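Residue-level structural notes
Below are the chains, spelled out letter by letter.
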Amino acid sequence: MPTSQDPAGTATLGVLAEAVLPDGRALTLRAAAPADAPAMVEIIHAAFGARPLLGARPDALNETTATITQALLGGTGYLAHVAGRPAGAILVSQDGAAVRLGRVSVHPDFQRLGVASFMVRGLLESMAARGAGLVTLLARREFPRLRQFWESHGFRLMGEEGNCWVLGLHLPVVAEVPDADAMRALGRALAPLLRAGDLVIASGDLGAGKTTFTQGLGEGLGVEGPIISPTFVLARVHRSLVGGPALVHADAYRLGGFAELEDLDLEESLADSVTVIEWGTGVAEALAPERLEVAIRRGLDPADETRWVFLTPRGRWRREALAAAVAGLGESA
Ligand SMILES: Nc1ncnc2c1ncn2[C@@H]1O[C@H](COP(=O)(O)OP(=O)(O)O)[C@@H](O)[C@H]1O
Ligand SMILES: [Mg+2]
């Protein structure tokens, strides 16, 4: 995590994401250091130079090693490599309370491989982990496909600036969770924010910690235990011991889709319970507009037990309340 001596967090970030292209070449993303400026200039010039020229020569072609070094010292940047060759670049600067992306570019030699989407996904996770709330960028109106690209990553139109669309995305609140006890503590800390009618959709691989998180939620809500994986039962109701809402805990792992989810009759109990659905992403959203999406990820090092929990509020949920609950957790630890 970033410190005041290292505001960009670059020293600790290292490789942020990795993937393998269909042709077997390795794709990596890492934070850029000032020494990367020449490679970034080359990518930016090649990428923007290859775009059709509409009106004025793009500003991006005026970037030099000096201007990029300056940008990296004042903000941060990301660099993608394909098989060790610099392939993609993004600059990030502070824009009031938001962070703004700029010079998003993929070298023409590496276009149409998914490098841009890979960079954007990794960058958004990294920015969220560093506590950023809102990410914005400018997209030239002459390039409607550019706007579609960003919308496919969740960005929405927020305004206009000159000949550009201003696109923005609210990032999830991120909690760093070192072990299972901390995962239960996170669930307990979020429980006071939940009320009857809320839906929590938990996602993450098998063993990520979805049930462990739900145990904490159950403790915080004061419901009857034990909360265990509902895999074979599909749904369990845990009554409140304190006069509050019940916790309905369901597992969508074995369900074929929304029709089967509907067969669980969760809608019956939804209004006066807190409903948690593991593996619910893609099917359970239709159940309720008021929901908290909890995505649990492991880091790249398999020996590290740390989980990263991405909390995305939908509906009445306020990002600030979630952020405060997560921050309070770090202080009491
Ligand atoms: N940081 C962590 N957060 C959550 N669980 C952890 C963590 N580190 C280790 N574990 C262990 O990983 C397992 C998670 O299991 P579970 O919660 O059932 O996962 P899921 O429901 O996502 O399949 C538990 O055995 C838990 O003790
Ligand atoms: Mg489970």
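Given the structure is predicted, the values throughout are model-derived calculations rather than measurements.

**Quick word on the side chain of Thr 306**
Among the structural elements, Thr 306 can be located in the loop between strand 14 (291-298) and strand 15 (307-314). Judged by relative accessible area, Thr 306 falls into the buried class, the value being 12%. Of note is the side chain of Thr 306, whose polar atom sits 2.7 Å from the side chain of Asp 304.

**Focus on unusual backbone geometry**
Between Gly 225 and the following residue, Pro 226, the backbone shows a cis peptide bond with an omega angle of -10°. Residue placement: Pro 226 occurs in the loop between helix 7 (210-221) and strand 11 (235-238). Here Ala 83, not a glycine, exhibits a phi torsion of approximately 50°, which is positive. Tracing the sequence through the fold places Ala 83 in the loop between strand 3 (76-82) and strand 4 (85-95). With relative accessibility at 47%, the residue Ala 83 sits in the partly exposed group. Look at Trp 279: it is not a glycine, yet its phi comes out positive at around 60°. Locating Trp 279 in the fold gives a position in the loop between strand 13 (273-278) and strand 14. Residue classification places Trp 279 among the partly exposed positions, given a relative accessible area of 24%.

**Re the sheet that holds strand 11**
Ordered by their spatial adjacency, seven strands build an open sheet running 9-15-14-10-13-12-11, and the pairing between neighbours is mixed. This sheet does not close on itself; its edge strands, each paired only once, are strand 9 (173-177) and strand 11. Each strand of the sheet is rotated relative to its neighbour by a mean of 20°, with strand direction disregarded. As defined by bridge partners, strand 9 adjoins strand 15 across five bridges and the pair is classed as antiparallel. Across the sheet, residue Val 177 finds its bridge partner in strand 15, namely Arg 307. Helix 4 (residues 115-129) rests against strand 9, strand 14 and strand 15 of the sheet, and its axis sits at about 90° to strand 15.

**So, helix 2 (residues 37-49)**
Between the first and last C-alpha of helix 2 there are 18 Å, a value that for 13 residues agrees with the 18 Å anticipated at 1.5 Å per step. Looking at helix 2, one finds that the buried residues are Ala 37, Met 40, Val 41, Ile 43, Ile 44, Ala 47 and Phe 48. In an axial view of helix 2, the angular spread of the buried residues amounts to 165°, which keeps them on one side of the axis.

**Remarks on the domain arrangement of the protein chain**
Partitioning the protein chain into domains gives domain 1 (10-171) and domain 2 (174-332). Each of domain 1 and domain 2 has a C-alpha centre, and the two are 33 Å apart. Listed by partner, the interface residues are ten residues for domain 1 and six residues for domain 2. Across the interface of domain 1 and domain 2, roughly 620 Å² is buried in total on both sides, 57% from carbon and sulfur atoms. Our count for the domain 1 to domain 2 interface comes out at one salt bridge. In this structure, the salt-bridge partner of Arg 297 is Glu 125, at a minimum N-O distance of 2.2 Å. Scanning the region where domain 1 abuts domain 2 turns up three residue pairs in polar contact (both at pLDDT 80 or more). Of all the elements in the fold, those that place two or more residues in the side of domain 1 that touches domain 2 are strand 1 (15-20) and helix 4.

**Structural notes on the coordination of the magnesium ion (ligand 2)**
Of the protein atoms, only Thr 211 (OG1) and Glu 278 (OE) coordinate the magnesium ion (ligand 2), at distances of 2.2 Å. Taken together, the residues span a long stretch of sequence, with Thr 211 in helix 7 and Glu 278 in strand 13 at a distance of 67 residues. For the pair shown, Thr 211 and Glu 278 are each scored as buried.

**Quick notes on the sheet that holds strand 4**
Backbone hydrogen bonds hold the strands of a sheet together, and the pairing may be parallel or antiparallel. Taking strand neighbours across the sheet as the criterion, the eight strands line up as 1-2-3-4-5-6-8-7 in an open arrangement whose pairing is mixed. With partners counted over all chains shown, the strands left at the sheet margins are strand 1 and strand 7 (156-161), one partner each. Each neighbouring strand pair of the sheet contributes to a mean axis angle of 25°, computed without reference to strand direction. Inspection of the sheet shows strand 4 paired to strand 5 (residues 98-106) by seven bridges, in the antiparallel sense. In the sheet register, Gly 88 faces strand 5, and the bridge partner there is Val 106. Running at roughly 70° to strand 5, helix 2 makes contact with strand 3, strand 4 and strand 5 of the sheet.

Conventions we followed
- Per-chain numbering applies: the sequence of each chain, read as written, is numbered from 1 onward.
- Note on labels: chains are lettered from A, ligands numbered from 1, in written order.
- Where totals are concerned, whole chains, interfaces and linings use all residues; where local detail is concerned, this predicted model gives features only for residues with pLDDT of at least 70, and gives and counts side-chain atom pairs only at 80 or more.
- Neither water nor hydrogens contribute to the side-chain values; these are computed over all heavy atoms in the structure.
- Starting at the N terminus, helices and strands are each numbered in turn, a helix being any DSSP run of H or I of at least four residues and a strand any DSSP run of E of at least two.
- Three exposure classes are used, based on accessible area relative to the maximum for each residue type with a 1.4 Å probe and protein chains only: buried under 20%, partly exposed in between, and exposed over 50%.
- The term polar contact refers here to a pair of N or O atoms within 3.5 Å; inside protein, the definition further demands a hydrogen-donor-capable atom paired with an acceptor-capable atom, and it admits residues adjacent in sequence only when both atoms are side-chain atoms.
- In this scheme, strands are said to pair when DSSP sees at least two bridges between them.
- The convention used is that axes are lines fitted to C-alpha atoms, helices contributing only their stretch in contact, and that angles between N-to-C directions extend from 0 to 180 degrees.
- We call two residues in contact when some of their heavy atoms are within 4.5 Å.
- What a helix is expected to span follows from its residue count: subtract one and scale by 1.5 Å.
- What the arc covers is the set of directions going from the helix axis to the C-beta atoms.
- Start and end positions for the domains come from either an automated domain assignment or a database one.
- Accessible area, probed at 1.4 Å, shrinks when two parts are joined; the buried area is that loss added up over both.
- Here, a salt bridge means any side-chain nitrogen of Lys or Arg that lies within 4 Å of a carboxyl oxygen of Asp or Glu.
- The donor set covers N, O and S atoms within 2.8 Å of the metal, switching to 3.2 Å for Na, K and Ca, and it leaves out water, so a site may look short of donors.

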